[in-house]
Amino acid sequence: MKLGFPVEINQGLESTVYGHFGSAPAFVIVDAESKETLGLENGNRHHQHGNCNPVMALSGQEIDAMIVGGIGPGALMKLQAMGIRVFGAGAKTIQENIALFRENQLAELCMDDSCHAHQGQCSH
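Now for a look at the structure at hand. (Residues numbered from 1 in each chain as written. Predicted model: local features only at pLDDT ≥ 70, side-chain atom pairs only at ≥ 80, totals over all residues. Heavy atoms only, no water.)

1. Concerning the sheet that holds strand 4 (residues 65–68)
Piece 1. The 5 strands lie next to each other as 3-2-1-4-5, forming an open sheet whose pairing is mixed. With partners counted over all chains shown, the strands left at the sheet margins are strand 3 (37–41) and strand 5 (85–88), one partner each. Here the strands of the sheet are splayed against their neighbours by 25° on average, with no regard to which way each runs.
Piece 2. Alignment of strand 2 (residues 26–31) against strand 3, held across 5 bridges, turns out to be antiparallel. Looking at the pairing, A26 lines up with E41 of strand 3.
Piece 3. The sheet contacts of helix 3 (residues 94–102) involve strand 1 (2–7), strand 2, strand 4 and strand 5, and relative to strand 1 the element is tilted by about 140°. (Pairing = 2+ DSSP bridges. Helix = DSSP H or I, 4+ residues; strand = E, 2+ residues; numbered from the N terminus. Axes fitted to C-alpha atoms, helices over the stretch in contact; angles between N-to-C directions. Contact = heavy atoms within 4.5 Å.)

Here it is in structure tokens:
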């Protein structure tokens, strides 16, 4: 299973999950079994509010789930339409969140959980 995480700085499994999906400077994709990581710059970071393009931001990578600190409703709907489940981060680092994900301790997000009026980075 491949898990994606928005991050400010790619520090592998020790990266801190960024507060908002669409404006994250980068993403880290992790194979949950092998723990191999892939870092991606967010080329869609400076999009107009509500026009996040997850396909562009994730460079076409196949991802099963995205674990986020916050996410707007448009990006949430687009990820879900791509078949990517979205979960709220329950800890600071990627490694901690992988452990929580394996234990089914992360909540899957729905539209009511999205950031409807965020300004820049969310404060979740």
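Continuing now.
2. Describing helix 3
Piece 1. Residues I94, N97, I98 and F101 constitute the buried set of helix 3. Around the axis of helix 3, the buried residues are gathered within 105° of arc, so they sit on the same side.
Piece 2. Elements in contact with the buried residues of helix 3: strand 1, strand 2, strand 4 and strand 5.
Piece 3. N104 sits one or two positions beyond helix 3 and adopts a positive phi of about 55°. (Buried < 20%, exposed > 50% of the residue type's maximum accessible area, 1.4 Å probe, protein only. Arc of directions from axis to C-beta.)

3. Quick notes on the pattern of salt bridges
Piece 1. Tallying each qualifying case throughout the model produces 2 salt bridges.
Piece 2. We note a salt bridge from R102 to E33, for which the minimum N-O separation is 4.0 Å. Remark: E33 occurs in the loop between strand 2 and strand 3 and R102 occurs in helix 3; sequence separation between them is 69 residues.
Piece 3. Between R85 and E108 there is a salt bridge whose closest N-O contact spans 2.7 Å. Within this pair, whereas R85 is found in strand 5, its partner E108 is found in the segment after helix 3, the two being separated by 23 residues in sequence.
Piece 4. When its relative accessible area of 43% is taken as the criterion, R85 is described as partly exposed.
Piece 5. Judged by relative accessible area, which is 37%, E108 ranks as partly exposed. (Salt bridge = Lys/Arg side-chain N within 4 Å of Asp/Glu carboxyl O.)

4. Some remarks on the side chain of S15
Piece 1. Secondary-structure assignment places S15 in the loop between strand 1 and strand 2.
Piece 2. Within the local environment of S15, its side chain forms a polar contact with the backbone oxygen of I9, the two atoms lying 3.5 Å apart.
Piece 3. Here the side chain of S15 touches G12 through a polar contact of 2.7 Å, landing on its backbone oxygen.
Piece 4. Discounting residues that sit within four places of it in the chain, S15 has contacts with V7, I9, N10, V28, K92, T93 and I94. (Polar contact = N/O pair within 3.5 Å; in protein donor to acceptor, adjacent residues only side chain to side chain.)

5. Description of the packing of aromatic side chains
Piece 1. Within the structure shown, the criterion is met by 2 aromatic pairs.
Piece 2. With 5.2 Å between their ring centres and 45° between their planes, F21 and F27 make a pair best called tilted.
Piece 3. Its relative accessible area of 0% is what places F21 among the buried residues.
Piece 4. On the basis of relative accessibility, which here comes to 0%, the residue F27 falls in the buried class. (Phe/Tyr/Trp six-rings, centres within 6.5 Å; stacked < 30°, edge-to-face > 60°.)

Everything listed here is a matter of coordinates, which is why it stays silent on function.
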